[in-house]
Amino acid sequence: MVNESRGLVLRIERSSIHDGPGLRVVLFLKGCPLSCKWCSTPESQNRLIEKDYGEILTVDQAVEEICKDEIFFFHSGGGVTVSGGECLLQADFVAGVLEECRRRGIHTAIETSLFAP
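It should be emphasised that the depicted structure is a prediction, and the values quoted were computed from it without experimental measurement.

**What to know about the pattern of salt bridges**
Here's step 1: Inspection of every chain in the model, using the stated rule, returns eight salt bridges.
Here's step 2: Note that Arg11 and Glu43 form a salt bridge whose closest N and O atoms lie 3.0 Å from each other. Highlighted residues: Arg11 in strand β1 (residues 6-16) and Glu43 in the loop between β2 (24-29) and β3 (55-58), separated in sequence by 32 residues.
Here's step 3: The class for Arg11 is partly exposed, based on a relative accessible area of 31%.
Here's step 4: For Glu43, a relative accessible area of 21% corresponds to the partly exposed category.
Here's step 5: Of the charged contacts, one joins Glu100 and Arg103 as a salt bridge, the two residues approaching to 2.6 Å between their closest N and O atoms. In this pair, Glu100 and Arg103 both sit in helix α3 (residues 91-103), three residues apart, roughly one turn of the helix.
Here's step 6: Residues joined by salt bridges that share partners form a network here, namely Arg14, Glu65, Lys68 and Asp69.

Next up, the structure:
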């Protein structure tokens, strides 16, 4: 599948056990309308690429990275969790990533404050 939607990704974290069932890849996105003092990922709040924080990926590039851990998902019941920042600020990109992961049989989840249009 070729999906050219682009997203601003903070980082991709592998082997997470706290963001859903099984072993997971967490796709952290940049940009959040909130400025919570207790934010666990304050480097994700700014919507700009900063030194060492952020890169633009297409849906296909993000899914390619996620699929590198595919074997662990199927043996642990894991998958991918899209987090942030606020992932719903990049709804088209997130929908594309989740659609393609689900098409491939990868469990999906999001972490959101729901503070987005």
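**Some points on unusual backbone geometry**
Here's step 1: Residue Gly85 is reached from Gly84 by a cis peptide bond, and omega for that bond is 20°.
Here's step 2: With respect to the helices, strands and loops of the structure, Gly85 is situated in the loop between β4 (79-83) and α3.
Here's step 3: The backbone of Ser15 sits at a positive phi, close to 60°, despite the residue not being glycine.
Here's step 4: With respect to the element layout, Ser15 can be found in strand β1.
Here's step 5: Using a relative accessible area of 52% as the deciding quantity, one classes Ser15 as exposed.
Here's step 6: Positive phi, close to 70°, is recorded for Asp52, a residue that is not glycine.

Quick notes on the rules
Residues numbered from 1 in each chain as written. Predicted model: local features only at pLDDT ≥ 70, side-chain atom pairs only at ≥ 80, totals over all residues. Heavy atoms only, no water. Salt bridge = Lys/Arg side-chain N within 4 Å of Asp/Glu carboxyl O. Helix = DSSP H or I, 4+ residues; strand = E, 2+ residues; numbered from the N terminus. Buried < 20%, exposed > 50% of the residue type's maximum accessible area, 1.4 Å probe, protein only.

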